[in-house]
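Working through the structure, step by step
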Amino acid sequence: MGLRLNLEKMMEQKSGAVKALTGGIVHLFKQNKVTHVQGYGKITGKNQVTATERDGSTQVINTKNVLIATGSEVTPFPGLEVDEESVVSSTGALSLKKVPEKMVVIGAGVIGVELGSVWQRLGADVTAVEYLAHIGGLGIDMEISKNFQRILQKQGLKFKLGTKVTGAAKRPDGNIDVSIEAAAGGKAEVMTCDVLLVCVGRRPFTQNLGLEELGIELDRGKIPINSRFQTKIPNIYAIGDVVAGPMLAHKAEDEGILCVEGIAGGAVHVDYNCVPSVIYTHPEVAWVGKSEEQLKEEGTPYKIGKFPFAANSRAKTNAETDGLVKILSHKDTDRMLGAHILGTGAGEMINEAALAMEYGASCEDVARVCHAHPTVSEAFREANLAASFGKAINF
C-alpha cells in the first residue's frame, strides 16, 4: 500500500506547534509582569507611543524609553499580486490546501530552497529561478553552495540560475504563466505552474511608526543606530530586522537582551562574525564566520580542513552520508576563521563552532577535545584536525 501524505494532519501538527509557541510568550509576559497591549503602535512623541486597537480605539502610553522591534515583512515582487492562494509568499506557502503539481519559486536563497524543498519532498514538481549564479543566498561558501545544489538536484529540485523573472500572468484555467530570461538579457521563455512562490527576500517593517515625524531618517531602508542600539534620539532604541546585519531571529534576540541590559547600565557587546546562519533543508546547511571567498577578498592567509560525512560512522549507520564539514583557519595562528557544514544536523553542530570562535579558539583546540563516538560531531573535530595538522585521522 505504501506511504500516503495526510496534508491536513501535517498542517494540524504545524498549527499546534505555532499555537503552543506563541501561547508560551503570552505566559512569559504574565510571569515577568510585562503588560501586553494589542494594537498597531506608533511613536507619537519622544516619550510616547499610541496603540490603535482593532476596533479603532486608541491608547496612549507614556514611557521613559522606546524600543523598536517591528521586524521585517516579505519583499513584494514588482507587478505581482500575492493572493496567498496561487501566488504565495513564504506566509501562504506554509498553509497551502493541497500539494501543487508544478511550483515555480522566484529566488533560491535561504527561504526559497527551504520552502521549495518542502513541497518538492511532498510530491510537487519544483523549479527555483534565481538571479544570482548560485543557491543559498549571500554569505554561503561557494564550495558548500555547489555541493548543496548537487544534493537538492539529486532529490529532484530543479534550478534556473543566472535567470530573472520578467512577469507573470494568470490564465483562464487558473494556472500561471511565468516569463523568464537570462539575467544578462536574452531569449524570453515561459514556464507554467499552478502555484508561484515569491521568495525575493524580506524588508524592514518601518512604515507608519512615526519615524519621519521624529526626524529619524532611514539608511537604505534600515534604522541607523549606534553601538548601544540608540537611534539619533537617545531614548529611542532599535533592534533586529529593522537595523543593519543579518535578518535572523537569534541575532534579534541577542540584540534585544543586550539593548535592554545597556539601558539598565550593563555592558553592550555583540560580535556579528559569531552569529551562525542555518538553512533548514534536508540535509541542512550551516555556517559561522568567514567564507573562503571573503578571506580571499580580505587577503587573509588561510588553511582549509575538510571532512566528508561519508567517512563518519554515525552518518554511515544512518544512511545520511551527503555533505561535509569545511573549516577555515588562519595560516599563521591557526585561529578558527570560519566553519561551514553541509549535512544532517548541521544546525545543531554549528553552535560548537560559534562557541569556539567566540572564545577565539584555534583549530588545534577543537581537535584536542574528546568527541563522543559515534556522533556526527566527530566530523567537525576531524575537519579541525585537518585544518590544524594538515590531515584528518579517519579519512
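Right, let's walk through the structure included here.

Some words on the nonpolar core
Membership of the largest hydrophobic core comes to 30 residues, with the highest contact counts inside it found for M103, V113, W119, F148, F159, L197 and V285. Broken down by secondary-structure element, the contributors of at least two residues to this core are α1 (7–31), β7 (102–106), α3 (110–121), β8 (125–130), α4 (142–155), β13 (195–198) and β17 (284–289). Of the residues forming this core, the biggest block, 4 residues, is contributed by α4. Setting aside residues up to four positions removed in sequence, M103 forms contacts with L96, W119, D125, V126, T127, C193, V195 and L197.

What about the sheet that holds strand β3 (residues 58–62)?
Strand order across the open sheet formed by 3 strands is β1-β2-β3, with antiparallel pairing between neighbours. Each end of this open sheet is capped by a strand with a single partner; those strands are β1 (40–45) and β3. On average, each strand axis in the sheet is inclined to that of its neighbour by 25 degrees, with strand direction left out of account. Taken together, the 5 bridges between strand β2 (residues 48–52) and β3 define a ladder with antiparallel strand orientation. Residue T50 lies in a different strand from β3, and its bridge partner there is V60.

Here we look at the environment of G265
Mapped onto the elements, G265 comes out in the loop between α6 (249–263) and β16 (277–279). Considered as a pair, G265 and I239 are 26 residues apart in the sequence and their alpha carbons are 17 Å apart.

What to know about the pattern of salt bridges
Counted by the stated rule, this structure contains 21 salt bridges. Of the charged contacts in the structure, one is a salt bridge between R203 and E73, with a shortest N-O distance of 3.1 Å. Placement of the pair is R203 in strand β14 (residues 202–204) and E73 in strand β5 (residues 72–74), with a sequence separation of 130 residues. For R203, a relative accessible area of 36% gives the class partly exposed. Residues joined by salt bridges that share partners form a network here, namely D141, E143, E292, K296, K306 and K326.

Regarding the pairing of strand β10 (residues 163–170)
For a regular strand, the rule is simple: side chains alternate between the two faces of the sheet. Here β10 pairs with strand β11 (residues 176–182) via 7 bridges, running antiparallel. In the sheet register, K170 faces β11, and the bridge partner there is I176. Here β10 hands over to β11 after 5 residues, with G174 in that stretch at a positive phi of 95 degrees.

Digging into the pairing of β13
Here β13 shows a buried face lined by V195 and L197 and a second buried face lined by L196 and V198. Inspection of the sheet shows strand β6 (residues 87–88) paired to β13 by 2 bridges, in the parallel sense. Bridged to V87 within β13 is L196. The pairing of β7 with β13 spans 4 bridges and is classified as parallel. Its bridge partner being in β13, V104 is matched across the sheet by L196.

Examining the sheet that holds β11
Strands sit in the order β10-β11-β12 across an open sheet of 3 strands; the sheet is antiparallel. Only two strands of the sheet have a single neighbouring strand rather than two, namely β10 and β12 (189–193). Looking at each pair of strands side by side, their axes are set apart by 30 degrees on average, direction ignored.

The rules behind each value
- Residues numbered from 1 in each chain as written.
- Predicted model: local features only at pLDDT ≥ 70, side-chain atom pairs only at ≥ 80, totals over all residues.
- Heavy atoms only, no water.
- Core = buried A, V, L, I, M, F, W, Y, C linked by side-chain atoms within 4.5 Å.
- Buried < 20%, exposed > 50% of the residue type's maximum accessible area, 1.4 Å probe, protein only.
- Helix = DSSP H or I, 4+ residues; strand = E, 2+ residues; numbered from the N terminus.
- Contact = heavy atoms within 4.5 Å.
- Pairing = 2+ DSSP bridges.
- Axes fitted to C-alpha atoms, helices over the stretch in contact; angles between N-to-C directions.
- Salt bridge = Lys/Arg side-chain N within 4 Å of Asp/Glu carboxyl O.

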